[in-house]
Structure formats: C-alpha cells, structure tokens
Amino acid sequence: MFSEYLVITLKDVRVSVPVAIKRGDNANLICHYDMEGAELYSVKWYKGKREFFRYTPKEIPALKSFVVVGLSVERPLSNGSHLTLVAVEPTATGKYSCEVSADLPSFDTMIVSSEMEVVDVPVTKPLITGIKQFYRIGDVVLGNCTSYNSKPAANLTWLLDDKKINASQMMQYPVYKDHRTGLDTSTLGLFFHLSHHFLGRSKLKFSCIAKIHDVYEQRVDRWIEDERPKLMAASASPVGLNPVNYVHSIYDQSSAASSYHHHDGSDFDNQNSDAYMTQIQGNFVIDIEFTHTFPHRS
C-alpha cells in the first residue's frame, strides 16, 4: 500500500572508470547521476570496501578525502561528479564504487561499481626471432614473437600482409613470470606453410602486434623474399665462373659456412686445392666435389 507514495528520486546512476591505465598516469573517474529534482546529500567513492573520498555540498568543507594506501586524490580537480587520482601505481588496481544519496525526505541511495587495472607497459617493442630472409614455395616459416616485461602480459597477434594468420598456424607459449620484478613476458610462435603465397610476387610481410587493453600497442614487421629470382640470377652467371663461388651464389651460404680454411689457418687457393661442399635440397643430400691438382713443386 505504501508503494502508491514511493518516489524514486535518483535516476541513471553510473560510473566511468578507465578499464586500464598506465602506471604513473592520472586516472579520471566520473560518477553520473540524475537527481530528478531532489537535493543531493552526498557522493562517496570507495576502493573495494574502503571509502577514500566524499562530497557533501551542505557541509564545510564539502570535500573530504581519507587515506587509502596507493591512492592520492587531486582535490582541485575533484568535485561532486569528477574525481582525479594522481600518478597511479599498480596498488591502485581494483574495484571502484560511487555511492549517491539524496537528501530529505527520501534519502534514496544508489551505488554502482567498475574495475580499473594499472598497467606496466613494455619499454621495448616486441621482438621477432627465427624468420630468415629467403624462402621457397613449400617451405615452413618458423619464428617467435616475444613481448618482454609487462603487467599484465601483452596479447600477441601474427599477421601476413596485414591479415590475421589462422590460429592453427600459431602456438601460444606459457607466460613467463619474473618473480623478482613481478612482470610478465609473452611469446607467440609461428609455423606457417608457404603453399602458394609467393605466386606472382617476390616479397611477403609478416607482422607481430603486441597489445595491452587500449593503453599500449606496438608492431614490428619482417619481410621475406622468394629465393627463386636469386637462383635464376645465379644460373645465368657467365661461363667460366669459379665453381666454388658459383655454388655459393646459388645457395647463399652464411659467412661462416662459406669460409674455407686450412687446418693451419691459411685460406684455400681455389685454383690449387680440393674443395668439398654439402647442400641439403628437398629431401636429398648432394655432395659436390671440385678437384684441382697441386702444381709440382721442386
């Protein structure tokens, strides 16, 4: 029967709290409400169950703050609807609630809450490892993308020419937690089969994106090239090219693999020595032997 006289004076109470914010930044919290013509009695802010800020317009002073570890209120920027926390630290992570109360006669009260996370962002871009410069159709691109030292761990994504790679060609490794710093390192592996992607083109772009909520995003790119134009150019080399160097140009040996030395440290004389190379091509191992005779020395 009393419901005939029940009037709700508070309406549309809600809060705007950053979902995530970088360590050291100021956090702006807003409490929205509509008094529907009633007088405001108080606005109170809580972290968890502890009150740390109060606005009571009929009291002097109207603004009051209370000590809560890890929170510092910027009073000149705070009022009955807006609240600014200065240089937030990870201890400021948690649930924030705004409680709005109407004055007499109703004393209606409503409370709404939202979570905020303080983020430690990486100080460096993500790192791509394992991806080579040259590949052929049929090869598998194996690589890792790692984002170091953040809280929480960064979310990683692989792209091929700006399009997301299928999850079946990626491997999410367990997050590494540094118990000394409390920071996390995340790694996402890639094993991508180059079935047809080089057709009609000579380069492909693999990219890794590291992201933490909407406060951090970094991207790194790695280009790979089709080895076939390189091989075709090598096959067109002039007749009479030194055979050892010819094989090197085809297979692009690394500096370590393409250096030949005597056991005493001196270089081979390609015109007066025996040189051997082994190459793996497909599933076959090819041994290539170049034989030259030493001139008779008196």
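Residues numbered from 1 in each chain as written. Predicted model: local features only at pLDDT ≥ 70, side-chain atom pairs only at ≥ 80, totals over all residues. Heavy atoms only, no water.

The protein chain is annotated in an unreviewed UniProt entry as Ig-like domain-containing protein of Anopheles minimus.

Caption draft 1: Quick look at the overall build of the protein chain. Counting secondary structure elements, the protein chain contains 2 helices and 21 strands. Intrachain contacts of the protein chain at a sequence separation of at least 6 include 57% that bridge at least 24 residues. Here the protein chain has roughly 18,000 Å² of accessible surface; of this, 55% comes from carbon and sulfur atoms. (Helix = DSSP H or I, 4+ residues; strand = E, 2+ residues; numbered from the N terminus. Contact = heavy atoms within 4.5 Å. Areas by Shrake-Rupley, 256 points an atom, 1.4 Å probe, with all protein chains shown as cover.)

Caption draft 2: Representation of the pattern of salt bridges. Tallied over the full model, the rule gives 14 salt bridges. The closest approach of N and O atoms between arginine 23 and glutamate 89, which form a salt bridge, is 2.6 Å. Taken together, the residues arginine 23 in the loop between strand 2 (20-22) and strand 3 (27-34) and glutamate 89 in the loop between strand 7 (82-85) and strand 8 (94-102) connect sequence positions 66 residues apart. With its nearest N and O atoms 3.8 Å apart, the salt bridge here joins aspartate 184 to lysine 151. Here aspartate 184, found in strand 17 (residues 184-193), pairs with lysine 151, found in the loop between strand 12 (140-150) and strand 13 (155-160); they are 33 residues apart in sequence, far enough to count as distant. Within this structure, Asp162, Lys205, Arg219 and Asp221 form a network of salt bridges that share partners. (Salt bridge = Lys/Arg side-chain N within 4 Å of Asp/Glu carboxyl O.)

Caption draft 3: Spotlight on the state of the cysteines. The tally for this structure, following the rule as stated, stands at 2 disulfides. A sulfur-sulfur separation of 2.0 Å characterises the disulfide bridge that pairs cysteine 31 with cysteine 98. Disulfide cysteine 31 to cysteine 98: torsion about the S-S bond roughly -90°, handedness left-handed. Taken together, the positions of cysteine 31 in strand 3 and cysteine 98 in strand 8 put the pair 67 residues apart, joining distant regions of the chain. The same class applies to cysteine 31 and to cysteine 98, which are both buried. Two residues share a disulfide in this structure: cysteine 145 and cysteine 208, whose sulfurs sit 1.9 Å from each other. Where cysteine 145 bonds to cysteine 208 through sulfur, the torsion about that S-S bond is close to -80°, and the disulfide is left-handed. A residue pair is termed long-range when its members are at least 10 positions apart, and cysteine 145 in strand 12 and cysteine 208 in strand 18 (residues 203-212) qualify at 63 residues. (Disulfide = S-S within 2.5 Å. Buried < 20%, exposed > 50% of the residue type's maximum accessible area, 1.4 Å probe, protein only.)

Caption draft 4: Inspection of the pairing of strand 9 (residues 109-119) at higher detail. In this structure, strand 2 lies alongside strand 9, joined through 3 bridges in parallel fashion. By the bridge assignment for strand 9, alanine 20 is matched with glutamate 117. Two strands pair when backbone bridges link them, and strand 8 and strand 9 are joined in this way by 8 bridges, in the antiparallel orientation. Pairing of lysine 95 across the sheet is with glutamate 115, part of strand 9. A loop of 6 residues connects strand 8 with strand 9, the two strands running antiparallel in sequence, and phenylalanine 107 in this loop sits at a positive phi of about 55°. (Pairing = 2+ DSSP bridges.)

Caption draft 5: Quick peek at the side chain of serine 186. Along the chain, serine 186 turns up in strand 17. Only 3.0 Å separates the side chain of serine 186 from the backbone oxygen of alanine 154, close enough to count as a polar contact. Setting aside residues up to four positions removed in sequence, serine 186 forms contacts with Cys145, Thr146, Ser147, Ala153, Ala154 and Leu156. (Polar contact = N/O pair within 3.5 Å; in protein donor to acceptor, adjacent residues only side chain to side chain.)

Caption draft 6: The arrangement of unusual backbone geometry in detail. Cis geometry marks the peptide bond from isoleucine 60 to proline 61, where omega comes out at -5°. By the secondary structure assignment, proline 61 is in the loop between strand 5 (50-55) and strand 6 (63-65). Cis geometry marks the peptide bond from lysine 151 to proline 152, where omega comes out at 0°. Relative to the assigned elements, proline 152 resides in the loop between strand 12 and strand 13. Even without glycine at this site, glutamate 36 takes up a positive phi of about 55°. With respect to the helices and strands, glutamate 36 occurs in the loop between strand 3 and strand 4 (40-47). Despite not being glycine, aspartate 162 has its phi angle at roughly 70°, a positive value. Summarising the element assignment, aspartate 162 is placed in the loop between strand 13 and strand 14 (163-164).

Caption draft 7: Spotlight on the sheet that holds strand 2. Taken in spatial order, the 6 strands line up as 2-9-8-4-5-6 in an open sheet, and their pairing is mixed. Edge strands, defined here as strands with exactly one partner in the open sheet, are strand 2 and strand 6. Direction aside, neighbouring strands of the sheet carry axes that sit 25° apart on average. Looking at chain direction, strand 5 and strand 6 are connected through 3 bridges and run antiparallel. Considered in strand 6, the bridge of tyrosine 55 is made with leucine 63. (Axes fitted to C-alpha atoms, helices over the stretch in contact; angles between N-to-C directions.)

Caption draft 8: Examining the environment of threonine 129 more closely. Assignment of secondary structure puts threonine 129 in strand 10 (residues 127-129). Of the residues examined, threonine 129 reaches a relative accessible area of 36% and is grouped as partly exposed.

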